[in-house]
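# Fold and contact review
Spelled out from the first residue to the last, the chains are:
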Amino acid sequence: KQSQSYSAVTDTLRRSIMSAVSVLEEGASEREGAPITNKSSSPDEAPPSTTTKTLSYVEFYCGVGGWTMALEEAVQRIVGIDSTTTIKLERLAALDHSDLCLGVLQHNFPSSASPTATSTNDKKKKRRRIEKTVAIERLSLKQVQDWHADIWVMSPPCQPHTRQHVNQQEDVDDPRSKSFLHLLQLLQHELSEDSLPQLILLENVVGFESSKSCDQWRRALEQRHYRTAHFHLTPTQVGLPNDRPRYFCVAVRCGENATNSEDEWSTLLTSEDAKEPISIRTQLLEMGIVPPLEQSTLLPPISSFLDKVQQENLCVPAKLLNSQAAWCFDIVTPANNTSNARRSSACFTSSYGKFVRGTGSVLYEGKDNADLLSLQSPQDRQFDATWAEGLQLEQNLRYFSGSEMARLFGFAPRFEFPPLTSMKQQWKLMGNSLNVRVAARLCELGLRVVLKKKKKGTMN
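A few points on the structure. (Residues numbered from 1 in each chain as written. Predicted model: local features only at pLDDT ≥ 70, side-chain atom pairs only at ≥ 80, totals over all residues. Heavy atoms only, no water.)

### Observations concerning the pattern of salt bridges
Pairing is possible between side chains that carry opposite charge, provided their charged atoms lie close to one another. The test is simple: For salt bridges, the criterion is a side-chain nitrogen of Lys or Arg within 4 Å of an Asp or Glu carboxyl oxygen. Starting at the N terminus, helices and strands are each numbered in turn, a helix being any DSSP run of H or I of at least four residues and a strand any DSSP run of E of at least two. Residue exposure (1.4 Å probe, protein chains only): buried if accessible area is under 20% of the type maximum, exposed if over 50%, otherwise partly exposed.
A full pass over the atoms with the stated rule returns 12 salt bridges. Here Arg414 and Glu72 are joined by a salt bridge, their closest N and O atoms 2.5 Å apart. Of this pair, Arg414 sits in the loop between α9 (402-408) and α10 (423-431) while Glu72 sits in helix α2 (residues 66-81), placing them 342 residues apart in sequence. You can call Glu72 buried: its relative accessible area is 15%. Residues participating in the shared-partner salt-bridge network are Arg77, Glu444 and Arg448.

### Some words on helix α6 (residues 212-223)
For clarity, the threshold we go by: Expected helix span is computed as 1.5 Å times (number of residues minus one). Residues count as neighbours in contact if any of their non-hydrogen atoms are within 4.5 Å of one another.
The terminal C-alpha atoms of α6 lie 17 Å apart, and with 12 residues this matches the ideal 16 Å at 1.5 Å per residue to within 8%. Looking at the packing, one finds that the buried side of α6 touches α5 (178-190), β7 (199-205), β8 (226-233) and β9 (246-253).

### Re the nonpolar core
Test applied: By nonpolar core we mean a set of buried residues, namely Ala, Val, Leu, Ile, Met, Phe, Trp, Tyr and Cys, connected to one another through side-chain atoms within 4.5 Å.
One finds Phe329 and Phe400 to be the most contacted residues of the largest nonpolar core, which totals 85 residues. With 11 residues, the single largest contributor to this core is helix α11 (residues 436-456). Those residues within four positions of Phe400 in sequence are excluded, and the remaining contacts are Ile302, Leu306, Leu314, Val332, Phe348, Tyr352, Ser361, Val362, Leu363, Met405, Leu408 and Trp427.

### Focus on the sheet that holds strand β12 (residues 330-332)
Operational definition: Only when DSSP finds a minimum of two bridges between them are two strands counted as paired.
The mixed open sheet is built from 3 strands, whose spatial order is β12-β13-β14. Across the chains shown, the open sheet's two edge strands, defined by having one partner strand only, are β12 and β14 (397-398). With 3 bridges connecting them, β12 and strand β13 (residues 361-364) associate as parallel partners. Its bridge partner being in β13, Val332 is matched across the sheet by Leu363.

### Things to note about the state of the cysteines
Cysteine pairs can be covalently joined through their sulfur atoms, and such a bond is termed a disulfide. Put simply, the rule is: Note on terminology: disulfide denotes any pair of cysteine sulfur atoms within 2.5 Å.
Going through the model one piece at a time under the given rule, you end up with 0 disulfides. Free cysteine: Cys101, not disulfide-bonded; nearest cysteine sulfur from Cys62 at 6.6 Å. For Cys101, a relative accessible area of 12% gives the class buried.

### Some remarks on the pairing of β9
The side chains of a regular strand alternate, residue by residue, between the two faces of the sheet. With respect to burial, β9 is a largely interior element, 8 of its 8 residues being buried. Taking every second residue as pointing to the same face, both faces of β9 are buried, with Arg246, Phe248, Val250 and Val252 on one and Tyr247, Cys249, Ala251 and Arg253 on the other. As paired strands, β7 and β9 are joined by 7 bridges and run antiparallel to one another. If you follow Val205 over to β9, its bridge partner there is Arg246. Looking at chain direction, β8 and β9 are connected through 8 bridges and run antiparallel. Bridge pairing links Ala229 to Val250 in β9.

### Some words on the side chain of Gln237
For the record, the criterion: By the criterion applied in these results, polar contacts are pairs of N or O atoms within 3.5 Å in which, for protein atoms, one can donate a hydrogen and the other can accept it, and in which residues neighboring in sequence qualify only through two side-chain atoms.
Mapped onto the fold, Gln237 is located in the loop between β8 and β9. Polar side-chain contacts of Gln237 include one of 3.0 Å to the backbone nitrogen of Thr234. In terms of polar contacts, Gln237 uses its side chain to reach the backbone carbonyl oxygen of Val290, at 2.7 Å.

### Considering unusual backbone geometry
Positive phi is not limited to glycine here, since His225 has a value of about 65°. Its location among the elements puts His225 in the loop between α6 and β8. When its relative accessible area of 30% is taken as the criterion, His225 is described as partly exposed. One non-glycine residue, Asn313, lies in positive phi territory at about 65°. Residue placement: Asn313 occurs in the loop between β11 (280-281) and α7 (318-321). For Asn313, a relative accessible area of 68% corresponds to the exposed category.

Encoded structure:
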């Protein structure tokens with residue numbers, strides 16, 4: 001049975017990897033937005049036999065638009081299987097404190113930049129679309145209520161919950177938690193029943209689930225009758241060679257009097273009970289998220305994610321290479337296909353290029369890399385002052401570019417940075433982003449449950 005289970009897992013991961021490589025190859029020259037209708041339909045109208053569903057959403061803490069891209073990918077997966085359904089995504093707001101983030105988002109999603117959006121639902125009035133820097137903690141009840149958004153997606157500030165944060169114990173008292181707590185106040189106590197989102201998707205660092213913020217999050221979901229699933233997932237589980245463990249939550253509103261649906265998707269969610277210990281899942285085979293595999297040989301090589309033409313200013317400074325701090329670099333190679341080489345890149349943070357330890361991998365491109373023991377991650381090797389001898393690091397060691405990081409994060413090939421975005425800005429933006437492919441699989445789960453309930457008329 002264990003052998004059969006492992007075989008099923010490896011088959012699922014292999015299919016995910018083949019899909020990933022196909023996307024990278026076919027999308028190399030793609031510049032247009034990802035379609036969100038069945039391929040047999042025209043861009044402007046759905047075939048007569050299809051049903052069109054419009055789902056509106058708000059992206060809080062939008063960053064460069066990772067959740068938007070994840071929703072688009074989820075919709076593509078759904079309509080690719082169900083040819084009778086066409087789904088239109090309508091973004092009502094993209095909110096962030098950073099002009100730089102919003103500039104990248106609007107560069108990649110220009111069609112979402114119109115000043116107003118009109119809902120197809122007669123019960124909802126004309127709603128003003130917002131895509132600007134805004135203090136989320138200052139959003140009024142009327143603003144949020146007027147949106148009547150079907151979906152909320154968000155990645156609240158992670159600093160109050162990271163292990164590196166020196167004031168981690170402050171949690172809800174950290175000023176950076178204020179905006180999230182404000183949203184919870186609106187969600188739990190103030191929003192009217194008909195203006196509550198039907199689906200909420202949240203991402204944060206591992207450790208968030210043990211915080212007081214998460215306790216309040218769960219109480220709000222319980223009080224407003226959401227069914228949920230909580231996860232710890234990392235990109236290697238969907239065929240991407242990058243370690244980025246994160247907490248995710250999928251929450252679907254069922255209503256106080258709604259009966260529990262027994263369809264295949266709804267059974268993956270349970271009624272939230274904040275008094276019980278949180279239950280964390282580490283896989284979702286139904287969506288192609290396999291159990292964590294150590295040093296999986298099935299992961300595609302990092303070379304599949306590299307720029308065809310290397311960008312400038314990626315070399316590690318000689319001064320840093322000549323210091324003892326260089327020993328702390330997490331070093332990977334393009335092939336990563338030998339017994340001693342790292343199979344995946346380390347988690348990239350917003351401090352990439354600024355600090356050495358714990359901020360992400362650097363790439364060794366030397367042709368003669370036989371001494372791969374020296375290229376293991378720092379925690380797996382003993383310090384040796386001569387560890388770099390013969391590796392010619394000044395010629396062969398470089399940082400990843402922002403576009404390479406985006407591919408490792410599962411962003412579509414069409415994603416790009418505006419021309420004037422510096423490399424340091426790209427690193428910071430990507431270090432604060434989320435993995436699109438992991439998020440897309442969870443978006444798909446939530447969307448399938450919502451669409452089933454809308455079809456049955458059981459959604460409150």
